[in-house]
Amino acid sequence: MSAAVPIQGNRFCIVGGASLVGSATASELLDHGAAEVVLFDNFAFGSEAAIAHLKDHPRLRLVRGDVMRLSDLLRVTEGMAGVLQLAAYMTLSMDRDPWGGLDVNIRGVQNALEACRANQVRKVVFASSNAAYGYGPGVAGDLVESTPFHSQGAPPAAILYGATKIIGEQLCRDAFRKWGQDYVVLRYSTVYGERQHHRAANALYIIETLEKLRRGEAPEIFGDGSETKHFVYVGDLARANRLAFESAASDVAVNTSGPAPITTRDLVLLVTELAGGGPAPKSVGHAAGKVRLTSGGAFRIAHEAAQAAIGWQPEVDMREGLRRLIAWLDSGNDRR
Ligand SMILES: NC(=O)c1ccc[n+]([C@@H]2O[C@H](COP(=O)([O-])OP(=O)(O)OC[C@H]3O[C@@H](n4cnc5c(N)ncnc54)[C@H](O)[C@@H]3O)[C@@H](O)[C@H]2O)c1
(Lines give C-alpha, C1' and ligand atoms only; values in the text may rest on other atoms or scores of the structure.)
Protein backbone atom coordinates (compact mmCIF):
# COMPACT_ATOMS: atom_id res chain seq x y z
CA MET A 1 0.00 0.00 0.00
CA SER A 2 1.28 3.48 -0.84
CA ALA A 3 2.47 5.59 2.07
CA ALA A 4 0.86 8.66 0.46
CA VAL A 5 -1.90 10.18 2.60
CA PRO A 6 -3.95 12.79 0.72
CA ILE A 7 -4.94 15.81 2.79
CA GLN A 8 -8.34 16.28 1.16
CA GLY A 9 -11.05 14.52 3.16
CA ASN A 10 -8.73 13.02 5.78
CA ARG A 11 -8.35 13.73 9.50
CA PHE A 12 -5.07 14.75 11.08
CA CYS A 13 -3.86 15.16 14.64
CA ILE A 14 -1.05 17.54 15.54
CA VAL A 15 0.51 16.43 18.82
CA GLY A 16 1.89 19.57 20.47
CA GLY A 17 -0.33 21.54 18.11
CA ALA A 18 -0.77 24.83 20.02
CA SER A 19 2.70 25.74 18.83
CA LEU A 20 4.63 27.84 16.34
CA VAL A 21 4.90 25.01 13.79
CA GLY A 22 1.57 23.42 14.77
CA SER A 23 -0.49 26.56 14.21
CA ALA A 24 1.02 27.15 10.74
CA THR A 25 0.62 23.50 9.77
CA ALA A 26 -3.00 23.37 10.93
CA SER A 27 -3.80 26.28 8.58
CA GLU A 28 -1.95 24.55 5.75
CA LEU A 29 -3.83 21.26 6.22
CA LEU A 30 -7.22 22.99 6.57
CA ASP A 31 -6.53 25.10 3.46
CA HIS A 32 -5.82 21.87 1.56
CA GLY A 33 -9.14 20.32 2.47
CA ALA A 34 -8.47 18.23 5.59
CA ALA A 35 -11.77 16.91 6.96
CA GLU A 36 -10.59 17.72 10.46
CA VAL A 37 -7.44 18.92 12.20
CA VAL A 38 -7.14 18.14 15.91
CA LEU A 39 -4.64 20.10 17.97
CA PHE A 40 -3.56 18.06 20.99
CA ASP A 41 -1.59 19.97 23.61
CA ASN A 42 -1.16 20.28 27.37
CA PHE A 43 -0.26 23.98 27.02
CA ALA A 44 3.03 23.50 28.83
CA PHE A 45 4.48 25.97 26.33
CA GLY A 46 1.85 26.47 23.68
CA SER A 47 -0.96 28.95 24.15
CA GLU A 48 -4.51 29.76 23.11
CA ALA A 49 -3.02 32.92 21.60
CA ALA A 50 -0.83 30.87 19.24
CA ILE A 51 -3.96 29.33 17.74
CA ALA A 52 -6.36 32.26 18.13
CA HIS A 53 -6.48 32.73 14.33
CA LEU A 54 -7.99 29.22 14.05
CA LYS A 55 -10.32 29.33 17.03
CA ASP A 56 -13.60 29.43 15.17
CA HIS A 57 -12.60 27.23 12.25
CA PRO A 58 -15.37 24.64 11.79
CA ARG A 59 -12.95 21.80 10.97
CA LEU A 60 -10.51 22.47 13.82
CA ARG A 61 -10.75 20.83 17.24
CA LEU A 62 -8.62 21.53 20.29
CA VAL A 63 -8.02 18.69 22.73
CA ARG A 64 -6.18 19.20 26.01
CA GLY A 65 -4.04 16.23 26.93
CA ASP A 66 -0.57 15.09 27.85
CA VAL A 67 1.77 12.93 25.74
CA MET A 68 2.87 11.31 28.98
CA ARG A 69 -0.60 9.75 29.25
CA LEU A 70 -1.00 7.03 26.65
CA SER A 71 -4.77 6.96 27.28
CA ASP A 72 -5.04 10.60 26.13
CA LEU A 73 -3.17 9.79 22.92
CA LEU A 74 -5.20 6.65 22.28
CA ARG A 75 -8.39 8.70 22.41
CA VAL A 76 -7.20 11.60 20.28
CA THR A 77 -5.62 9.55 17.47
CA GLU A 78 -8.73 7.46 16.85
CA GLY A 79 -9.83 7.82 13.22
CA MET A 80 -6.78 9.88 12.22
CA ALA A 81 -5.11 9.26 8.85
CA GLY A 82 -1.97 11.14 9.87
CA VAL A 83 -0.25 12.34 13.01
CA LEU A 84 2.30 15.14 13.18
CA GLN A 85 4.42 14.69 16.30
CA LEU A 86 5.68 18.08 17.52
CA ALA A 87 5.40 18.02 21.32
CA ALA A 88 8.88 18.60 22.68
CA TYR A 89 11.16 20.58 24.95
CA MET A 90 13.77 22.52 22.98
CA THR A 91 17.24 23.45 24.23
CA LEU A 92 16.30 26.37 26.50
CA SER A 93 13.46 24.39 28.14
CA MET A 94 15.71 21.32 28.36
CA ASP A 95 18.26 23.48 30.17
CA ARG A 96 15.68 24.51 32.77
CA ASP A 97 14.10 21.07 33.20
CA PRO A 98 16.01 18.09 31.75
CA TRP A 99 13.75 15.62 33.59
CA GLY A 100 10.63 16.90 31.88
CA GLY A 101 12.44 17.28 28.56
CA LEU A 102 13.75 13.73 28.45
CA ASP A 103 10.31 12.39 29.40
CA VAL A 104 8.37 14.32 26.75
CA ASN A 105 10.96 14.02 23.96
CA ILE A 106 11.45 10.28 24.40
CA ARG A 107 8.54 8.63 26.25
CA GLY A 108 6.12 11.10 24.70
CA VAL A 109 7.21 10.07 21.18
CA GLN A 110 7.04 6.41 22.12
CA ASN A 111 3.50 6.90 23.45
CA ALA A 112 2.44 8.73 20.29
CA LEU A 113 3.79 5.92 18.10
CA GLU A 114 2.08 3.30 20.25
CA ALA A 115 -1.24 5.14 19.95
CA CYS A 116 -0.75 5.33 16.17
CA ARG A 117 -0.21 1.59 16.09
CA ALA A 118 -3.37 0.89 18.12
CA ASN A 119 -5.46 3.18 15.88
CA GLN A 120 -3.81 2.17 12.60
CA VAL A 121 -2.80 5.70 11.77
CA ARG A 122 -1.42 5.56 8.24
CA LYS A 123 1.47 7.96 8.54
CA VAL A 124 3.48 9.78 11.19
CA VAL A 125 5.51 12.89 10.48
CA PHE A 126 8.08 13.45 13.20
CA ALA A 127 9.60 16.87 13.87
CA SER A 128 13.29 16.30 14.34
CA SER A 129 15.90 19.02 14.25
CA ASN A 130 19.27 19.98 12.87
CA ALA A 131 20.22 19.46 16.54
CA ALA A 132 20.55 15.82 15.37
CA TYR A 133 23.98 16.94 14.06
CA GLY A 134 24.95 18.30 17.48
CA TYR A 135 26.70 21.58 18.16
CA GLY A 136 30.13 22.94 18.92
CA PRO A 137 33.40 23.13 17.01
CA GLY A 138 33.31 20.31 14.49
CA VAL A 139 29.90 21.22 13.10
CA ALA A 140 31.01 22.81 9.83
CA GLY A 141 30.63 22.52 6.06
CA ASP A 142 27.63 20.91 4.36
CA LEU A 143 25.45 19.04 6.86
CA VAL A 144 23.83 16.17 4.96
CA GLU A 145 21.59 13.47 6.40
CA SER A 146 24.53 11.10 6.99
CA THR A 147 26.62 13.69 8.91
CA PRO A 148 27.35 12.22 12.36
CA PHE A 149 26.35 13.74 15.71
CA HIS A 150 28.92 16.04 17.27
CA SER A 151 28.81 16.51 21.04
CA GLN A 152 32.12 18.11 22.02
CA GLY A 153 32.29 21.67 23.30
CA ALA A 154 28.57 22.50 23.37
CA PRO A 155 26.19 23.17 26.29
CA PRO A 156 24.77 19.95 27.79
CA ALA A 157 21.16 21.01 27.19
CA ALA A 158 21.80 21.38 23.44
CA ILE A 159 23.33 17.92 23.30
CA LEU A 160 20.57 16.39 25.42
CA TYR A 161 18.01 17.95 23.08
CA GLY A 162 19.80 16.71 19.94
CA ALA A 163 20.20 13.24 21.43
CA THR A 164 16.46 13.02 22.20
CA LYS A 165 15.69 13.91 18.58
CA ILE A 166 17.98 11.10 17.41
CA ILE A 167 16.15 8.73 19.76
CA GLY A 168 12.78 9.95 18.47
CA GLU A 169 13.89 9.28 14.89
CA GLN A 170 15.03 5.79 15.86
CA LEU A 171 11.73 5.08 17.61
CA CYS A 172 10.03 5.88 14.28
CA ARG A 173 12.40 3.53 12.44
CA ASP A 174 11.75 0.87 15.04
CA ALA A 175 7.97 1.24 14.55
CA PHE A 176 8.44 0.92 10.79
CA ARG A 177 10.46 -2.25 11.20
CA LYS A 178 8.28 -3.81 13.90
CA TRP A 179 4.79 -3.08 12.59
CA GLY A 180 5.24 -1.27 9.28
CA GLN A 181 4.39 2.20 10.60
CA ASP A 182 4.91 4.60 7.69
CA TYR A 183 6.72 7.74 8.75
CA VAL A 184 8.78 10.68 7.51
CA VAL A 185 11.28 12.47 9.73
CA LEU A 186 11.86 16.14 8.93
CA ARG A 187 14.95 17.69 10.48
CA TYR A 188 13.83 21.30 10.80
CA SER A 189 16.48 23.96 11.01
CA THR A 190 15.79 26.97 13.30
CA VAL A 191 12.23 28.08 12.67
CA TYR A 192 11.09 31.69 12.56
CA GLY A 193 7.98 33.55 11.48
CA GLU A 194 4.54 34.66 12.59
CA ARG A 195 3.56 33.44 16.09
CA GLN A 196 7.22 33.28 17.04
CA HIS A 197 7.83 32.27 20.66
CA HIS A 198 10.82 32.89 22.92
CA ARG A 199 11.79 29.25 23.41
CA ALA A 200 14.35 28.81 20.62
CA ALA A 201 17.76 30.40 21.21
CA ASN A 202 18.49 31.49 17.63
CA ALA A 203 15.05 32.93 16.85
CA LEU A 204 15.11 34.67 20.23
CA TYR A 205 18.29 36.37 19.06
CA ILE A 206 16.32 37.97 16.19
CA ILE A 207 13.69 39.25 18.63
CA GLU A 208 16.28 40.57 21.08
CA THR A 209 18.09 42.33 18.23
CA LEU A 210 14.87 44.01 17.14
CA GLU A 211 14.01 45.01 20.72
CA LYS A 212 17.43 46.63 21.18
CA LEU A 213 17.02 48.56 17.93
CA ARG A 214 13.55 49.74 18.98
CA ARG A 215 15.07 51.05 22.23
CA GLY A 216 17.78 52.86 20.25
CA GLU A 217 20.49 50.54 21.59
CA ALA A 218 23.26 48.90 19.55
CA PRO A 219 22.46 45.26 18.72
CA GLU A 220 25.01 42.65 19.80
CA ILE A 221 27.03 40.27 17.69
CA PHE A 222 29.22 37.57 19.18
CA GLY A 223 32.91 37.75 18.34
CA ASP A 224 33.47 38.89 14.76
CA GLY A 225 29.92 37.94 13.70
CA SER A 226 31.07 35.30 11.22
CA GLU A 227 29.19 32.54 13.06
CA THR A 228 26.60 30.92 10.79
CA LYS A 229 22.90 30.37 11.42
CA HIS A 230 20.55 28.52 9.10
CA PHE A 231 16.88 29.37 9.57
CA VAL A 232 13.71 28.19 7.87
CA TYR A 233 10.49 30.18 7.54
CA VAL A 234 7.54 28.59 9.39
CA GLY A 235 5.23 28.69 6.34
CA ASP A 236 7.78 26.72 4.32
CA LEU A 237 7.86 24.14 7.11
CA ALA A 238 4.08 23.88 7.21
CA ARG A 239 4.22 23.03 3.50
CA ALA A 240 6.97 20.47 4.17
CA ASN A 241 4.78 18.78 6.79
CA ARG A 242 1.88 18.62 4.33
CA LEU A 243 4.07 17.24 1.53
CA ALA A 244 5.51 14.64 3.91
CA PHE A 245 1.98 13.27 4.38
CA GLU A 246 1.06 13.53 0.70
CA SER A 247 4.22 12.00 -0.74
CA ALA A 248 4.79 8.27 -1.12
CA ALA A 249 7.99 8.61 0.95
CA SER A 250 8.37 6.52 4.08
CA ASP A 251 11.17 5.37 6.39
CA VAL A 252 13.27 8.41 5.55
CA ALA A 253 14.80 11.40 7.36
CA VAL A 254 15.52 14.63 5.48
CA ASN A 255 16.68 18.14 6.32
CA THR A 256 14.27 21.04 5.87
CA SER A 257 16.28 24.27 5.96
CA GLY A 258 15.81 27.71 4.44
CA PRO A 259 17.26 28.83 1.09
CA ALA A 260 20.68 29.78 2.52
CA PRO A 261 22.57 30.21 5.79
CA ILE A 262 23.39 33.66 7.12
CA THR A 263 26.15 34.98 9.38
CA THR A 264 25.10 36.65 12.62
CA ARG A 265 26.60 39.93 11.38
CA ASP A 266 24.54 39.84 8.15
CA LEU A 267 21.47 38.82 10.14
CA VAL A 268 21.81 41.80 12.48
CA LEU A 269 22.43 44.17 9.55
CA LEU A 270 19.36 42.82 7.74
CA VAL A 271 17.15 43.18 10.83
CA THR A 272 18.49 46.73 11.29
CA GLU A 273 17.67 47.60 7.67
CA LEU A 274 14.17 46.09 7.85
CA ALA A 275 13.53 47.84 11.17
CA GLY A 276 14.18 51.16 9.42
CA GLY A 277 17.77 51.64 10.59
CA GLY A 278 19.52 51.95 13.92
CA PRO A 279 22.91 51.93 15.64
CA ALA A 280 25.74 49.78 14.26
CA PRO A 281 26.17 46.42 16.01
CA LYS A 282 28.71 46.04 18.79
CA SER A 283 30.81 42.96 19.28
CA VAL A 284 30.45 41.18 22.63
CA GLY A 285 31.99 38.08 24.18
CA HIS A 286 30.10 35.11 25.50
CA ALA A 287 27.10 36.18 27.60
CA ALA A 288 27.58 34.45 30.96
CA GLY A 289 24.84 32.03 31.98
CA LYS A 290 23.11 32.12 28.60
CA VAL A 291 22.76 28.96 26.52
CA ARG A 292 24.21 29.75 23.12
CA LEU A 293 24.30 27.44 20.15
CA THR A 294 27.64 27.60 18.41
CA SER A 295 29.31 25.76 15.61
CA GLY A 296 32.88 25.36 14.46
CA GLY A 297 32.61 27.62 11.45
CA ALA A 298 30.55 28.25 8.36
CA PHE A 299 27.99 25.52 7.78
CA ARG A 300 25.01 24.90 5.56
CA ILE A 301 22.19 22.47 6.21
CA ALA A 302 21.70 20.80 2.84
CA HIS A 303 18.02 20.37 1.87
CA GLU A 304 18.37 18.72 -1.54
CA ALA A 305 17.31 15.30 -0.18
CA ALA A 306 13.94 16.77 0.83
CA GLN A 307 13.30 17.68 -2.81
CA ALA A 308 14.01 14.09 -3.86
CA ALA A 309 11.98 12.48 -1.05
CA ILE A 310 8.91 14.71 -0.67
CA GLY A 311 9.22 17.30 -3.47
CA TRP A 312 9.95 20.17 -1.09
CA GLN A 313 12.29 23.10 -1.27
CA PRO A 314 12.21 26.35 0.68
CA GLU A 315 10.62 29.37 -1.00
CA VAL A 316 10.86 32.25 1.48
CA ASP A 317 14.27 33.89 1.88
CA MET A 318 15.48 35.63 5.03
CA ARG A 319 14.63 39.12 3.79
CA GLU A 320 11.00 38.25 3.10
CA GLY A 321 10.63 35.99 6.16
CA LEU A 322 12.13 38.61 8.49
CA ARG A 323 9.92 41.28 6.96
CA ARG A 324 6.88 39.15 7.83
CA LEU A 325 8.15 38.39 11.35
CA ILE A 326 8.93 42.04 12.09
CA ALA A 327 5.52 43.14 10.76
CA TRP A 328 3.89 40.56 13.04
CA LEU A 329 5.95 41.63 16.07
CA ASP A 330 5.33 45.30 15.35
CA SER A 331 1.58 44.76 15.33
CA GLY A 332 1.73 43.91 19.02
CA ASN A 333 1.71 40.14 18.77
CA ASP A 334 4.95 39.30 20.58
CA ARG A 335 4.64 36.23 22.83
CA ARG A 336 6.74 35.82 25.90
N1 LIG B 1 11.33 26.14 16.82
C2 LIG B 1 12.46 25.71 16.28
O3 LIG B 1 13.37 26.49 15.99
C4 LIG B 1 12.66 24.26 15.98
C5 LIG B 1 13.80 23.85 15.27
C6 LIG B 1 13.99 22.49 15.01
C7 LIG B 1 13.03 21.57 15.44
N8 LIG B 1 11.94 22.00 16.14
C9 LIG B 1 10.98 21.02 16.61
O10 LIG B 1 9.72 21.33 16.05
C11 LIG B 1 8.68 21.04 16.96
C12 LIG B 1 7.77 22.22 17.12
O13 LIG B 1 8.52 23.36 17.46
P14 LIG B 1 7.78 24.70 17.92
O15 LIG B 1 8.79 25.78 17.87
O16 LIG B 1 6.51 24.85 17.19
O17 LIG B 1 7.58 24.30 19.45
P18 LIG B 1 6.62 24.82 20.58
O19 LIG B 1 7.39 24.89 21.84
O20 LIG B 1 5.87 26.03 20.10
O21 LIG B 1 5.64 23.57 20.61
C22 LIG B 1 5.77 22.43 21.33
C23 LIG B 1 4.37 22.15 21.84
O24 LIG B 1 4.39 20.93 22.57
C25 LIG B 1 3.54 21.09 23.68
N26 LIG B 1 3.86 20.13 24.71
C27 LIG B 1 4.97 20.11 25.49
N28 LIG B 1 4.89 19.10 26.37
C29 LIG B 1 3.71 18.46 26.12
C30 LIG B 1 3.07 17.36 26.71
N31 LIG B 1 3.61 16.70 27.76
N32 LIG B 1 1.88 16.95 26.20
C33 LIG B 1 1.30 17.64 25.18
N34 LIG B 1 1.87 18.70 24.59
C35 LIG B 1 3.07 19.11 25.06
C36 LIG B 1 3.78 22.53 24.12
O37 LIG B 1 2.74 23.04 24.95
C38 LIG B 1 3.89 23.24 22.79
O39 LIG B 1 2.65 23.75 22.34
C40 LIG B 1 9.36 20.56 18.24
O41 LIG B 1 9.39 19.16 18.24
C42 LIG B 1 10.76 21.09 18.12
O43 LIG B 1 11.69 20.28 18.81
C44 LIG B 1 11.73 23.33 16.40
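Not measured: the values here are computed from a predicted model.

Colleague: Quick one: what's the story with the site of the ligand, residue by residue and with numbers?
Modeller: Residues in close proximity to the ligand total 31 residues, the closest being D41, L86, Y161, H197 and R199. In this structure, an oxygen atom belonging to the ligand sits 2.9 Å away from a main-chain N or O atom of G46. Y161 places a side-chain nitrogen or oxygen 2.6 Å from an oxygen atom of the ligand. Relative to its free-state accessible area of 820 Å², the ligand is covered by the protein chains to the extent of 98%. According to the grid-proximity analysis, the pocket containing the ligand is the largest pocket. It is strand β5 (residues 123-129) that contributes the most residues to the shell around the ligand, 3 residues altogether. Along the lines of polarity and charge, the residues of the shell around the ligand split into 17 nonpolar, 10 polar and 4 charged.

Colleague: An account of the environment of K282 is requested, with residue identities and associated values reported.
Modeller: In this structure, K282 sits in strand β14 (residues 282-284). On the basis of relative accessibility, which here comes to 42%, the residue K282 falls in the partly exposed class. Discounting residues that sit within four places of it in the chain, K282 has contacts with A218, P219, E220 and I221.

Colleague: Kindly report on the packing of aromatic side chains, identifying the contributing residues and their values.
Modeller: All told, the structure shown has 6 aromatic pairs when counted by the stated rule. With a centroid separation of 6.0 Å and 65° between ring planes, the pair formed by Y192 and Y233 is classed as edge-to-face. Placement of the pair is Y192 in strand β8 (residues 190-192) and Y233 in strand β11 (residues 231-233), with a sequence separation of 41 residues. For Y233, a relative accessible area of 7% gives the class buried. Summarising the aromatic geometry, the rings of Y205 and F222 are spaced 5.6 Å apart at their centres and angled 40° between planes, so their arrangement reads as tilted. On the criterion of sequence distance, the pair formed by Y205 in helix α6 (residues 201-214) and F222 in strand β9 (residues 220-222) is long-range, its members being 17 residues apart. On the accessibility criterion, Y205 (9% relative accessible area) is buried.

Colleague: Describe in detail the side chain of T272, supporting the description with residues and values.
Modeller: Mapped onto the fold, T272 is located in helix α8 (residues 264-274). Sequence-distant contacts of T272, defined by excluding residues within four places in its chain, comprise L213, P219, G277, G278 and P279.

Colleague: So what's going on with the pairing of strand β1 (residues 11-15)? Residues and values would help.
Modeller: Burial analysis of β1 places 4 of its 5 residues in the buried class, which makes it a mostly covered element. The pairing of β1 with strand β2 (residues 36-41) spans 5 bridges and is parallel. Each bridged residue has a counterpart across the sheet, and for C13 the counterpart in β2 is V38. Traced from β1 through helix α1 (residues 20-31) to β2, the parallel crossover comes out right-handed. Where β1 lies against strand β4 (residues 82-85), 4 bridges are found, and the strand directions are parallel. Each residue of the ladder has a partner; that of V15, found in β4, is Q85.

Colleague: Lay out unusual backbone geometry with the relevant residues and their values.
Modeller: Note: most residues except glycine have negative phi, and most peptide bonds are trans. Positive phi is not limited to glycine here, since F43 has a value of about 60°. When you line up the elements, F43 lands in the loop between β2 and β3 (60-64). Phi angles above zero are rare outside glycine, and D251 is one such case at about 55°. Within the secondary structure, D251 is located in the loop between α7 (234-246) and β12 (252-256). Under the relative-accessibility criterion, D251 is labelled partly exposed at 26%.

Thresholds, definitions, all that
Residues numbered from 1 in each chain as written. Predicted model: local features only at pLDDT ≥ 70, side-chain atom pairs only at ≥ 80, totals over all residues. Heavy atoms only, no water. Near = heavy atom within 4 Å. Polar contact = N/O pair within 3.5 Å; in protein donor to acceptor, adjacent residues only side chain to side chain. Areas by Shrake-Rupley, 256 points an atom, 1.4 Å probe, with all protein chains shown as cover. 1 Å grid on protein atoms, 1.4 Å probe; cavity = no way out; pocket = protein on both sides within 12 Å on 5 of 7 lines; lining within 4 Å. Sits in = over half its atoms within 2 Å of the grid points. Helix = DSSP H or I, 4+ residues; strand = E, 2+ residues; numbered from the N terminus. Nonpolar A, V, L, I, M, F, W, Y, C, P; charged D, E, K, R; others polar. Buried < 20%, exposed > 50% of the residue type's maximum accessible area, 1.4 Å probe, protein only. Contact = heavy atoms within 4.5 Å. Phe/Tyr/Trp six-rings, centres within 6.5 Å; stacked < 30°, edge-to-face > 60°. Pairing = 2+ DSSP bridges. Right-handed = clockwise from strand over helix to strand, strands pointing away.

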